[in-house]
Amino acid sequence: MTTHLAVLPSPALTATQFQTLAEVPPEIEWFANLTNTNTRRAYRQDIEDFMAFAGLRQPEQFRDVTRAHVIAWREQLVSQGLANDTIRRKLAALSSLYAYLCDRNAVLHNPVLGVKRPRSMNREGVTPALGDH
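These numbers were taken from a predicted model, which means no experiment stands behind them.

## Points about the packing of helix H3 (residues 37-54) against helix H5 (residues 84-103)
Alright, step 1. For the pair H3 and H5, the least separation of the axes is 9 Å and the interaxial angle reads 85°. If you check the angle between H3 and H5, you find them roughly perpendicular. Here Ala-42, Tyr-43, Asp-46, Ile-47, Asp-49 and Phe-50 of H3 come into contact with H5, specifically with Arg-89, Lys-90, Ala-92, Ala-93, Leu-94, Ser-96 and Leu-97.
Alright, step 2. Tallied by class, residues from the contact of H3 with H5 come to 8 nonpolar, 1 polar and 4 charged.

Structure, rendered in structure tokens:
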């Protein structure tokens, strides 16, 4: 995924710059808005992995993805022996993208919603249940 959003040198947009930015697909816009370097790196790889799995070549093809595609990808990730937390992150990256696309009215629904995610194996931060002892 390459971004078409770059820091523009002048204080005002030219007509050409304005039109170019107006034509940026929302999928690219979503990625450009991720500010954390580690999140960008991980999400970039996660989205590229999904695109390779689903055979997507253009950002606009995300509009054709169904929940069945996402479930098939999840099953493939499980069969690769990936950690549950890695699978959860990959699904979270894809869900984040689709949530943005829904907000932009680029898709009607988020196909990741309702897809069961494996249980997290990370117990850090989990409050233990209180007992009588």
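## Quick notes on the nonpolar core
Alright, step 1. Grouped together as the largest cluster of nonpolar side chains are 25 residues, with contacts concentrated most on Trp-30, Ile-47, Phe-62, Leu-94 and Tyr-98.
Alright, step 2. Elements with a contribution of two residues or more to this core: helix H2 (26-32), H3, helix H4 (67-79) and H5.
Alright, step 3. Broken down by element, this core gets its largest block of residues, 8 residues, from H5.
Alright, step 4. Non-local contacts of Trp-30, meaning those with residues more than four positions away in its chain, are made with Tyr-43, Ile-47, Ala-93, Ser-96, Leu-97 and Tyr-100.

Each value, and the rule that gives it
- Residues numbered from 1 in each chain as written.
- Predicted model: local features only at pLDDT ≥ 70, side-chain atom pairs only at ≥ 80, totals over all residues.
- Heavy atoms only, no water.
- Axes fitted to C-alpha atoms, helices over the stretch in contact; angles between N-to-C directions.
- Helix = DSSP H or I, 4+ residues; strand = E, 2+ residues; numbered from the N terminus.
- Parallel < 35°, antiparallel > 145°, perpendicular 65-115°, else oblique.
- Contact = heavy atoms within 4.5 Å.
- Nonpolar A, V, L, I, M, F, W, Y, C, P; charged D, E, K, R; others polar.
- Core = buried A, V, L, I, M, F, W, Y, C linked by side-chain atoms within 4.5 Å.
- Buried < 20%, exposed > 50% of the residue type's maximum accessible area, 1.4 Å probe, protein only.

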